[in-house]
Amino acid sequence: MLTSIHLIRPLHSTIERIPLKKPFVGMFAWPVSNQVGESPVWDGYTDTLLWIDVRGQTVLRLDPARRALTQWELPQVIGALALVQPQQVLLALKRQLALLCLDTGTLSLFAPIVDEPAGNRLNEGKLSPSGRWFVFGSMDDRPEHKQPTGSLYRADLQGNVVKLHHGLTIANGIAWSPDGRTIFFSDSFAGTIWHAVWGEDEGTMASPLLFAASDEASGRPDGALVDLAGRYVSAGVSAGCINVFGPGGQPLLKLALPVRAPTMPCVGGVGGSRLFVTSLVRNSWSKDGTFDGCLLDFNRRAWGI
């Protein structure tokens, strides 16, 4: 448990972007060697990408133009990141929310999460359309015999936390419709994607309804976004792909990627032209020339996303 203010000194390095070969010509890989890359957010203030390495316990920032990588190593596992104001990110740590000031490196407690089961940790989180609410989830973090002990929460920017939903095994895939009136989320373990009426003024969620499902072979749903056309763009973590679902939940597109386990897509770059995708790597996997654990980067429109 984070009980005091920590000072985190950033680590700076430069990194090369690797152009990929057929059939992925037009895609690029940044070799960041993440264990579990997650939660990418484009920072329009600085034209940089922020994201986390869950198991590496690290916040990362990439300046693509300068090919500069900055890393902040934290004292515990991180489940999600949100940019709440310039140079300040809100983090879902193992069982609490914390604020990290990027320009000073100050890490401080924001809100404890008090009623989570012993085997759980926080996982996934996004700011609501107005930036007024941080919606985040939890998951059963045990390696085996997982149970639906996870929940979905929302916190306001004063640190007040309310539970929205329970009964999830691995909460994931949080996103909003273009008009901000519908919230989406998934259970990666069950392979289900849900949607519900969202009240932005009060931070409320109606009873969820099943939106779509995606199994192991098709790609269990991990992190996601909803584009301006209302399509739900989901990382198929078990099938090395991006799955795109129409506004009615119908499958529209499956895009193969050069990683075995993509974890979350994010729109970024000039004019929102790029898609960045984080990924994970497992210790048991052989090194066979794939780009597992890399950050992917490509022109999304060229690939139909």
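Details of the structure are given in the entry above.
The following refers to the structure shown. (Residues numbered from 1 in each chain as written. Predicted model: local features only at pLDDT ≥ 70, side-chain atom pairs only at ≥ 80, totals over all residues. Heavy atoms only, no water.)

Core analysis: the largest hydrophobic core is formed by 24 residues, its most contacted members being Val59, Leu74, Leu81, Val89, Leu91, Leu100 and Leu107. The residues contacting Leu91, other than those within four sequence positions of it, are Val59, Leu74, Ile78, Ala80, Leu81, Gln96, Leu97, Ala98, Leu100 and Leu107. (Core = buried A, V, L, I, M, F, W, Y, C linked by side-chain atoms within 4.5 Å. Buried < 20%, exposed > 50% of the residue type's maximum accessible area, 1.4 Å probe, protein only. Contact = heavy atoms within 4.5 Å.)

Within this model, the largest pocket holds a volume of roughly 870 Å³. Counting residues per element, the ones that place at least two in the lining of the largest pocket are β5 (37-43), β9 (78-85), β13 (120-127), β17 (171-176), β22 (221-226) and β26 (262-268). With 4 residues, the top contributor of residues to the lining of the largest pocket is β5. Within the lining of the largest pocket, the residues separate by chemical class into 20 nonpolar, 5 polar and 5 charged. Here the second largest pocket defines a volume of roughly 710 Å³. Forming the boundary of the second largest pocket are 25 residues, of which Val36, Arg55, Met139, Leu280 and Arg282 lie nearest the centre. Its residues assigned to classes, the lining of the second largest pocket comprises 9 nonpolar, 6 polar and 10 charged. (1 Å grid on protein atoms, 1.4 Å probe; cavity = no way out; pocket = protein on both sides within 12 Å on 5 of 7 lines; lining within 4 Å. Points joined across faces, edges and corners; volume = space filled by probe spheres on them. Helix = DSSP H or I, 4+ residues; strand = E, 2+ residues; numbered from the N terminus. Nonpolar A, V, L, I, M, F, W, Y, C, P; charged D, E, K, R; others polar.)

Attention now moves to the state of the cysteines. Counting across every chain of the model gives 0 disulfides. Of all cysteine sulfurs in the structure, the one in Cys294 sits closest to Cys241, which takes part in no disulfide; the separation is 18 Å. Note on Cys294: no disulfide assigned, nearest cysteine sulfur contributed by Cys266 at a separation of 17 Å. Relative accessible area serves as the criterion here: at 8%, Cys294 is assigned to the buried category. (Disulfide = S-S within 2.5 Å.)

Within strand β11 (residues 96-101), 6 of the 6 residues are buried, which leaves the element mostly enclosed by the surrounding structure. Both faces of β11 are covered, namely the face carrying Gln96, Ala98 and Leu100 and the face carrying Leu97, Leu99 and Cys101. Relative to β11, strand β10 (residues 88-93) runs antiparallel, the two being bridged by 5 bridges. In the sheet register, Val89 faces β11, and the bridge partner there is Leu100. Taking the residues between adjacent antiparallel strands as the criterion, β10 and β11 are bridged by 2 residues. The sheet contact formed by β11 and strand β12 (residues 106-112) spans 6 bridges and is antiparallel. Its bridge partner lying in β12, Cys101 is registered against Thr106. Turn length for the β11-β12 hairpin, with the two strands adjacent in sequence and antiparallel, is 4 residues, and the turn residue Gly105 shows positive phi of about 80°. (Pairing = 2+ DSSP bridges.)

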